Amino acid sequence: MKKGFIKSGMAALVSLALLTAAGCSGGGTNSAEGNSPDSGSTNAGGVPVKIEYFQMKPEAVNIVGELITKFQNENPGITVEQNNVPNPENVWTMRVSTDDAPAVFTHYPHNSIFQKMAKEGRVVDLTDDPLMENVQPAIADLSKIDGKNYLVPIGVATLGMYYNKDIFESHNIQIPTTYDELLQAAEKLKAAGVTPFYFHDKDFNGIRQEVVYKMGQTMPDIEKFLDDVMNGKAHITDNPDFKPFAEKLLALREYGQKDNMGTGYEDALREFSNGNTAMWFTGIWAIKEIKESNPDLKFAMFPLPTENAADLKTQVSVDTAIGIPASGKNKEEARKFIEFMSKKENVETYLSIGGYPSGIKDVKSGLPEITELTQLITDGKVYPTIERLWPPGTNAEVGKATQEMFLTKDIDQYLKTLDTIFYNRFNQ
C-alpha cells in the first residue's frame, strides 16, 4: 500500500505543532519544568529518575494523577510528571520528530501519522513483548500496524444504538438482532406515534461514524477493496455491495425525525435524554452526558444489527494505549510505568472515569448500559475502524458526500462521488 500521501503534509503539521507547543509550553498539567521533565535525569548510582507521561485525554488528568501517586509510592526513586496539553497529537508529532520525545506517552494505533512514525522506527516495537501478555488477543490484533504492536491497549471505544427501555417495554419490543427486526421495530413505533430514531445529520462527522461502522461491519473484504480503489485498481461501482449499503442508509432515515438534516449532536442528545425518541446511534462516550442530562432515564445500548444475527460484531477503536519512543530516555523506568498502568486493578481504576471496555484481560469494566457491546468485545467479535487506512481528510469527505446523498436521495450520484473521493488516492 502506498503511503506517500502523508509526506506532503508532514512539514506543515510539524510547523503547526511547533507553534502549538510554543503556545502551551509549561502550561500542561503537572508540567512546570517544561515539555521535557526527564531531560538530564539519570539512573546511575541509584540517583532518582524523573519521567514524563504525555497523555492525551484531558478528562483523565485527575485519575491519572491518583495512579501516578500510587506508582511513586510503590517505586521510590521514580518520579512521574503527567503532561496534558491542547492539540496533543500535533505536539507529540513535533516532539518525536525533533528528538524531544516524552519518556512514555499515549496515542492511537489507528492514527495515520502515528502509523507512519511507528513504521519509521520512531516508536519501540512491543510485538511479543511481555508488556503485551495481558492484552486481549482480539484487541492486540486490531491494534497492529503492518503486523506489529507499538502500543499497549488499555481502554477501547465502540458505537451502538442507544434505546429507551421504557419505550421498548411499553410497546413490547425486544432488542433487534437482525436488520429486518430493526426495521420491524421502527415500523411498530412509527405506527404508534413514536419517533423511532433521531439522527444528527447536520454534523457530517456523526454521519461519517455511522458510514464507517456499517461499512466495516457489513461489507465483506471492504478494506482490501478500498485499498484497490485507492491504488487505482478498481472503482467503487465495481462492488455490488455499495448500492444496497447506500439504500439501507437512506431507508433508516424514513423512520427518523422530520428535520434530521437540521439536527446536530447536542440536539439529538437532548431529545433522546428527554425521552422524545426510541433510538439514537452514536458512541459510548454519550453515556455520561445522557446521565447528566436526565439521571432518571432508563436506557442501554445494543450493537447495530446485521442481516444475519450470527454475523454480529462491533467496531472497536483503541481509546487509550501506551507506548515508548525509540529515542526516549529512561526506558527501564518507562516500562515499569506501563507495566503498572496495565495491571488489572489499575486498569479498572483508570476506566472507571468513563466505563469504557478494557483492552486488558479479566478486567471488570464497562457500564451496565453497554453489557451487550462489552460481551462482543470479550468474545473477540470485533473489527477495527476501517478509516485508519484512509489518507487524512478522506473520512470527512465521505461524511459530507453521504450528507449530500441524504439531501438529494440520489444514490447513483453518491456512488460516483465516493469513487471520486477514493479512486487512485494513494497515487495523488
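Before any of the text, the structure's been laid out above.
The rules behind each value
- Residues numbered from 1 in each chain as written.
- Predicted model: local features only at pLDDT ≥ 70, side-chain atom pairs only at ≥ 80, totals over all residues.
- Heavy atoms only, no water.
- Helix = DSSP H or I, 4+ residues; strand = E, 2+ residues; numbered from the N terminus.
- Contact = heavy atoms within 4.5 Å.
- Areas by Shrake-Rupley, 256 points an atom, 1.4 Å probe, with all protein chains shown as cover.
- Buried < 20%, exposed > 50% of the residue type's maximum accessible area, 1.4 Å probe, protein only.
- Pairing = 2+ DSSP bridges.
- Polar contact = N/O pair within 3.5 Å; in protein donor to acceptor, adjacent residues only side chain to side chain.
- Salt bridge = Lys/Arg side-chain N within 4 Å of Asp/Glu carboxyl O.
- Phe/Tyr/Trp six-rings, centres within 6.5 Å; stacked < 30°, edge-to-face > 60°.
- Lys NZ or Arg CZ within 6 Å of the ring centre and 35° of its normal.
- Axes fitted to C-alpha atoms, helices over the stretch in contact; angles between N-to-C directions.
- Parallel < 35°, antiparallel > 145°, perpendicular 65-115°, else oblique.
- Left-handed = near helix turned anticlockwise from the far one by under 90°.
- Core = buried A, V, L, I, M, F, W, Y, C linked by side-chain atoms within 4.5 Å.

**Student:** Sorry, what's going on with the overall build of the protein chain here?
**Tutor:** Summing up its helical and strand segments, the protein chain has 17 helices and nine strands in all. Long-range contacts, defined as pairs at least 24 residues apart, comprise 76% of the intrachain contacts of the protein chain with a sequence gap of at least 6. Of the roughly 18100 Å² of accessible surface on the protein chain, a fraction of 48% belongs to carbon and sulfur atoms.

**Student:** Looking at this structure, how should I read the pairing of strand 7 (residues 299-302)?
**Tutor:** Every other side chain in a regular strand lies on the same face of the sheet, so the side chains alternate between the two faces. Side-chain alternation along strand 7 places Phe299 and Met301 on one buried face and Ala300 and Phe302 on a second face that is also buried. Sheet topology places strand 4 (residues 152-164) next to strand 7; four bridges connect them, and they run antiparallel. Bridging across to strand 7, Met161 finds its partner in Phe302.

**Student:** Explain the side chain of Gln257 here, please?
**Tutor:** Secondary-structure assignment places Gln257 in the loop between helix 10 (242-253) and helix 11 (265-273). You can call Gln257 buried: its relative accessible area is 8%. A distance of 2.7 Å separates a polar side-chain atom of Gln257 from the backbone oxygen of Phe199. A distance of 3.0 Å separates the side chain of Gln257 from the side chain of Thr263, its partner in a polar contact. With residues up to four places along the chain from it excluded, the contact list for Gln257 reads Thr195, Phe197, Tyr198, Phe199 and Thr263.

**Student:** Teacher, can you tell me more about the pattern of salt bridges here?
**Tutor:** Here the idea is simple: oppositely charged side chains can pair when their charged atoms come close. Counted according to the given criterion, the structure contains 22 salt bridges. A salt bridge links Lys57 to Asp319, with the shortest nitrogen-to-oxygen separation between them at 3.0 Å. Taken together, the residues Lys57 in the loop between strand 1 (49-54) and helix 2 (61-74) and Asp319 in strand 8 (residues 314-323) connect sequence positions 262 residues apart. A single burial state applies to Lys57 and to Asp319, both of which are buried. Notably, a salt bridge pairs Glu223 with Arg388, separated by 2.4 Å at the nearest N-O pair.

**Student:** Please clarify how the packing of aromatic side chains should be interpreted in this entry.
**Tutor:** Two measures describe an aromatic ring pair: the distance that separates the ring centres and the angle between the ring planes. Tallying each qualifying case throughout the model produces 22 aromatic pairs. Geometrically, the ring pair formed by Tyr163 and Phe302 is tilted, given 5.6 Å between the ring centres and 50° between the ring planes. Here the residue Tyr163 occupies a position in strand 4, and Phe302 occupies one in strand 7, the gap between them amounting to 139 residues. For the pair Tyr163 and Phe302, one class covers both residues: buried. When the ring of Phe197 is compared with that of Phe199, the centres are 5.7 Å apart and the planes differ by 35°; the resulting orientation is tilted. Here Phe197 matches Phe199 in class, with each residue buried. Over the ring of Phe199 we find Arg253; its NZ or CZ atom is 4.0 Å from the centre of that ring.

**Student:** Quick question: what am I supposed to make of the packing of helix 11 against helix 12 (residues 286-293) here?
**Tutor:** A pair of packed helices can be characterised by two numbers: the angle between their axes and the separation between those axes. Following both chains from N to C, one finds helix 11 and helix 12 inclined at 55°, their axes separated by 9 Å at the closest point. It follows from the interaxial angle that helix 11 and helix 12 lie oblique. Both helix 11 and helix 12 take part in a crossing whose hand is right-handed. Here Tyr265, Glu266, Leu269, Phe272 and Ser273 of helix 11 come into contact with helix 12, specifically with Ala286, Glu289, Ile290 and Ser293.

**Student:** Just checking my understanding: could you explain the environment of Asp125 for this structure?
**Tutor:** One can find Asp125 in the loop between helix 4 (112-119) and helix 5 (137-142). On the basis of relative accessible area, Asp125 is assigned to the partly exposed category, the value being 34%. Once the C-alpha coordinates of Asp125 and Ile324 are considered, the two residues, 199 residues apart in sequence, prove to be 8.7 Å apart. The residues contacting Asp125, other than those within four sequence positions of it, are Lys148, Asn149 and Tyr150. Only 2.6 Å separates the side chain of Asp125 from the side chain of Thr127, close enough to count as a polar contact.

**Student:** When you look at the nonpolar core in this model, what are you seeing that I'm missing?
**Tutor:** Generally speaking, nonpolar side chains in soluble globular proteins are found buried as a group. Counting 75 residues, the largest nonpolar core has Trp92, Phe114, Tyr162, Trp280, Ile290 and Phe337 as its most contacted members. Excluding anything up to four places from it in sequence, Trp280 contacts Gly160, Met161, Tyr162, Tyr198, His200, Tyr265, Ala268, Leu269, Phe272, Ala286 and Ile290. One finds Val212, Ile222, Trp390 and Phe426 within the second-largest nonpolar core, a separate group that totals 30 residues.

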